[in-house]
Amino acid sequence: HYDTEKGNSPIGFRVMTKEQQMSSTKSEQQWKMKMSKTKAYQELVQQALKNGVQFHTVINDKWYASVENMNFIVNTLQKDFIMPLKDNRCIALSKEEFDKGLFRKLQDCKLEDVTEVYLKGWERPVLLTELRIKDGTDCAVTLYLVSSNLSLSKATILKRYKRRWKVEEAFKSMKSNLNLQKSPTHSKIAIQNHIFCVFLATVELYFIAHYQKTNPFALKLNIYYKALKIAFNTTTQLRNELKLTA
């Protein structure tokens, strides 16, 4: 998902498939993805660059916050990242502690608003800050965010990370507005074609909504309203013609 100050839109997707395998210790069937999520992640970001998409920061959820992906973004792509970490990730509070192998878990640390730390397995310093949000039960949940850009303030880190929510909105739009999960097909190719068509329609919906200065959900309701109005007027006209004929 690509997000700028002027607008946002989905720009790429990957259908993750699994191949059937037999366990060596159990008789039941097990399933394994043909491509790792790390490989898929890196290919999507790399493809965005090949397509000419201009960006300076990659933002993702904690499932992709591995040292391998950090190295890929900073060293291979020469970009920055903002990522949330699991609270059991190990950090060192100084270069001296890092060199001595003195690490502690995030959940055991008392942090300032923004703290420069070192992650285990990652030799570059990163900025660490906390984002406290409420879940469905109104309980506060703490997200630990790290940024490779050491010049950012806490407010900027939080502001940029919150823009990742646009990804969730896009998935919700695909499901609610375009019936992503209601494919009438069964074969692998047909399902993939359905997903591809939904993705194209989503991009078109975002494009039109942007220029109409609205959102995809309001745009869908407006389209439905106009379609129902046309259908009602057509039905009324047909009834009137039938009465005249009779």
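Whatever comes next refers back to the structure up there.
Every value quoted in this text rests on a predicted model; they were computed, and no experiment measured them.

Draft legend 1. Region of interest: the overall build of the protein chain. Each helix and strand in the protein chain was counted, giving seven helices and eleven strands. Computed over its C-alpha atoms, the radius of gyration of the protein chain comes to 24 Å, more than 25% above the 18 Å expected for a compact globule of 246 residues. For the protein chain, the spread of C-alpha atoms along the principal axes amounts to about 95 × 50 × 40 Å. Out of the 246 residues belonging to the protein chain, those deemed buried represent 28%. A sequence separation of at least 24 residues applies to 49% of the contacts in the protein chain between residues at least 6 apart.

Draft legend 2. Representation of the packing of aromatic side chains. Counted according to the given criterion, the structure contains seven aromatic pairs. Here Phe 81 and Trp 122 contribute two aromatic rings whose centre-to-centre distance is 6.2 Å and whose plane-to-plane angle is 70°, an arrangement assigned as edge-to-face. You can see Phe 81 sitting in strand β6 (residues 80–85) and its partner Trp 122 sitting in the loop between β9 (115–119) and β10 (125–134), a full 41 residues away along the chain. With a relative accessible area of 5%, Trp 122 lands in the buried category. Their ring planes at 55° and their centres at 5.0 Å tell us that Phe 207 and Tyr 211 sit as a pair that is tilted. Of the two residues, Phe 207 and Tyr 211 are both situated in helix α6 (residues 188–211); the distance of four residues between them amounts to about one turn of the helix. One aromatic cluster is present, built from ring pairs that chain together Phe 13, Phe 196 and Phe 199. Here the basic side chain of Lys 79 rests over the ring of Phe 55, its NZ or CZ set 5.1 Å away from the ring centre.

Draft legend 3. Layout of the pairing of β6. Most of β6 sits inside the fold, with five of its six residues counted as buried. Here strand β5 (residues 57–59) runs beside β6; their pairing, made up of three bridges, is parallel. Directly across from Val 58, in β6, lies its bridge partner Phe 81. In this fold, β5 hands off to helix α2 (residues 67–76), which returns the chain to β6; that crossover is right-handed. Summarising the sheet, β6 and strand β11 (residues 140–147) pair through four bridges and their orientation is antiparallel. In the strand pairing of β11, Met 83 is matched with Val 146.

Draft legend 4. View of the nonpolar core. Met 70, Phe 81, Met 83, Leu 128 and Val 146 are the most contacted members of the largest nonpolar core, which totals 26 residues. Within the residue set of this core, elements represented by two or more residues are α1 (37–50), α2, β6, β9, β10 and β11. For this core, the leading source of residues is α2, giving four residues. Not counting chain neighbours up to four residues away, the residues in contact with Val 146 comprise Met 70, Phe 81, Ile 82, Met 83, Leu 85, Val 126, Leu 127 and Leu 128.

Parameters and conventions
Along each chain, residues carry numbers from 1 onward, in the same order as the chain's sequence is written. At least 70 in pLDDT is required for a residue's local features to be given in this predicted model, at least 80 for side-chain atom pairs to be given and counted, and no such filter applies to totals for whole chains, interfaces and linings, which use all residues. As a rule here, side-chain values cover all heavy atoms of the structure and leave hydrogens and water aside. Secondary structure is summarised from DSSP: a helix means a run of H or I of at least four residues, a strand means a run of E of at least two, and numbering begins at the N terminus for each. Radius of gyration: C-alpha atoms only; globule rule: 2.2 Å multiplied by the number of residues to the exponent 0.38. A simple rule labels every residue: compare its accessible area, found with a 1.4 Å probe on the protein chains alone, to the largest value its type can have, and call it buried under 20%, exposed over 50%, or partly exposed in between. What makes two residues a contact is simply this: any of their non-hydrogen atoms within 4.5 Å. Each Phe, Tyr or Trp ring (for Trp, its six-membered ring) is paired with any other whose centre lies within 6.5 Å, and the angle between the two planes then decides the class: stacked below 30 degrees, edge-to-face above 60, tilted in between. Geometrically, a charge over a ring is one whose NZ (Lys) or CZ (Arg) sits within 6 Å of the ring centre while staying within 35 degrees of the ring normal. What makes two strands pair is DSSP finding at least two bridges between them. Call a crossover right-handed when, viewed with both strands pointing away from you, the route from the first strand across the helix to the second goes clockwise. What we call a nonpolar core is a set of buried Ala, Val, Leu, Ile, Met, Phe, Trp, Tyr and Cys residues that are connected through their side-chain atoms within 4.5 Å.

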